[in-house]
Amino acid sequence: VHSGEKPYACDVCSQKFADRATLRTHQRKHTGEKPYACYVCAQTFTQLSCLKSHSRIHTNETPFACTVCDKKFRHRSSLRLHERYHSGEKPYTCVVCAQKFVSASLLKVHQRGHTGEKPYACYACGGRFRQAQHLRRHERVHSGEKLFECDVCSRKFSESGDLKKHKRLHTGEK
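Residues numbered from 1 in each chain as written. Predicted model: local features only at pLDDT ≥ 70, side-chain atom pairs only at ≥ 80, totals over all residues. Heavy atoms only, no water.

1. Here's the deal with the overall build of the chain
Of the regular secondary structure elements, the chain holds six helices and twelve strands. Its C-alpha atoms give the chain a radius of gyration of 22 Å, clearly above 16 Å, the size a compact globule of 174 residues would have. Structurally, the chain occupies a C-alpha span of about 70 × 45 × 45 Å along its principal axes. Residue burial in the chain is summarised as follows: out of 174 residues, 19% are buried. Taking the contacts inside the chain whose residues are at least 6 apart along the sequence as the reference set, 0% of them involve residues at least 24 apart. For the chain, the accessible surface area stands at approximately 12800 Å², while carbon and sulfur atoms represent 49% of it. (Helix = DSSP H or I, 4+ residues; strand = E, 2+ residues; numbered from the N terminus. Rg over C-alpha atoms; globule rule 2.2 N^0.38 Å. Buried < 20%, exposed > 50% of the residue type's maximum accessible area, 1.4 Å probe, protein only. Contact = heavy atoms within 4.5 Å. Areas by Shrake-Rupley, 256 points an atom, 1.4 Å probe, with all protein chains shown as cover.)

Structure follows, in structure tokens:
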């Protein structure tokens, strides 16, 4: 079991596995099979563990707590990433400028600044963005969606920064 031997190979990509069950789970990536369905929203998954993790969205269960600040998370991986902010650990380094990051995804976004890559395109105007969240924020310009509401006068804004500026009118802050 712990010999490191991987006798089971995927017939599509040749990746090797130590046991037949793990190979079968892997093969679902190639077949598109997703046998586990969420009873709330019907989203489907290749693994039962992914379904269980997903179901926490509906139950608001946050079983993983930070021992430093007591912030809670739905996923163990999110807790581990959060703990790096406390420890200062930044294991991912940009090969261009040597800046360090807590996650591979943050490094990837940073590297797009060096390469100029903007993989996210606006459906309405073709504008391009480095991050999906920047595209989503931009798309509100076209949709007219206003997610941020003033708790004093109920005026709505599409950008959180615009709401912050607006609130200064009520407080007199400059």
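Now that the structure has been shown, we can carry on.
2. Here's the deal with the environment of Asp11
Along the chain, Asp11 turns up in the loop between strand 1 (8–9) and strand 2 (16–17). Placed 146 residues apart in sequence, Asp11 and Phe157 show a C-alpha to C-alpha distance of 53 Å.

3. Notes on unusual backbone geometry
The residue Ser14 is not glycine, and still its phi comes out positive at about 70 degrees. Residue placement: Ser14 occurs in the loop between strand 1 and strand 2. Residue classification places Ser14 among the exposed positions, given a relative accessible area of 53%. Residue Asn60 is not a glycine yet carries a positive backbone phi of 60 degrees. Along the polypeptide, Asn60 turns up in the loop between helix 2 (48–59) and strand 5 (64–65).

4. Some details on helix 6 (residues 160–171)
Here helix 6 spans 17 Å end to end across twelve residues, near enough to the 16 Å set by a 1.5 Å rise per residue. In the segment just after helix 6, Gly172 is the residue with positive phi, at about 80 degrees. (Expected span 1.5 Å × (residues − 1).)

5. What about the pattern of salt bridges?
Scanning all chains against the criterion turns up six salt bridges. Arg112 is paired through a salt bridge with Glu117; the nearest N and O atoms lie 3.8 Å apart. When the shortest N-O distance is used, the salt bridge between Lys165 and Asp162 registers 3.8 Å. Taken as a pair, Lys165 and Asp162 lie in helix 6 at a separation of three residues, close to a single helical turn. (Salt bridge = Lys/Arg side-chain N within 4 Å of Asp/Glu carboxyl O.)

6. Side note on a nonpolar patch on the surface
Residues Leu81, Tyr85 and Leu106 make up a contiguous nonpolar surface patch of about 280 Å² in total accessible area. With respect to the element layout, Leu106 can be found in helix 4 (residues 104–115). For Leu106, a relative accessible area of 38% puts it in the partly exposed group. (Patch = residues over 30% accessible without salt bridge, like charges linked within 9 Å, V, L, I, M, F, W, Y side chains within 5 Å.)

7. A closer look at the confidence of the model for the chain
Confidence in the prediction for the chain averages 93 pLDDT; 99% of positions are at 70 or higher. By mean pLDDT, the top-scoring element of the chain is strand 7 (residues 92–93) (98), and the lowest-scoring one is helix 6 (90). (pLDDT = per-residue confidence, 0-100.)

8. Some words on helix 2
Over its twelve residues, helix 2 extends 17 Å from the first C-alpha to the last, a length consistent with the 16 Å expected when each residue adds 1.5 Å. Considered for burial, the residues of helix 2 that qualify are Leu51, Ser53, His54 and Arg56. In the core, the buried residues of helix 2 are packed alongside strand 3 (36–37), strand 4 (44–45) and strand 5. Note on helix 2: the residue one or two positions beyond its end, Asn60, has a positive phi of about 60 degrees.

9. Things to note about the side chain of Arg56
Mapped onto the secondary structure, Arg56 falls in helix 2. An unpaired buried charge is present at Arg56: no salt bridge exists, and Glu61, the closest side chain of opposite charge, is 4.0 Å distant. Excluding residues that lie within four positions of it along the chain, Arg56 makes contacts with Glu61, Pro63, Phe64, Arg74 and His75. (Lys, Arg positive; Asp, Glu negative; His and termini not counted.)

10. So, the environment of Thr93
Within the secondary structure, Thr93 sits in strand 7. Relative accessible area serves as the criterion here: at 34%, Thr93 is assigned to the partly exposed category. Sequence separation between Thr93 and Pro63 is 30 residues; the distance between their C-alpha atoms is 31 Å.

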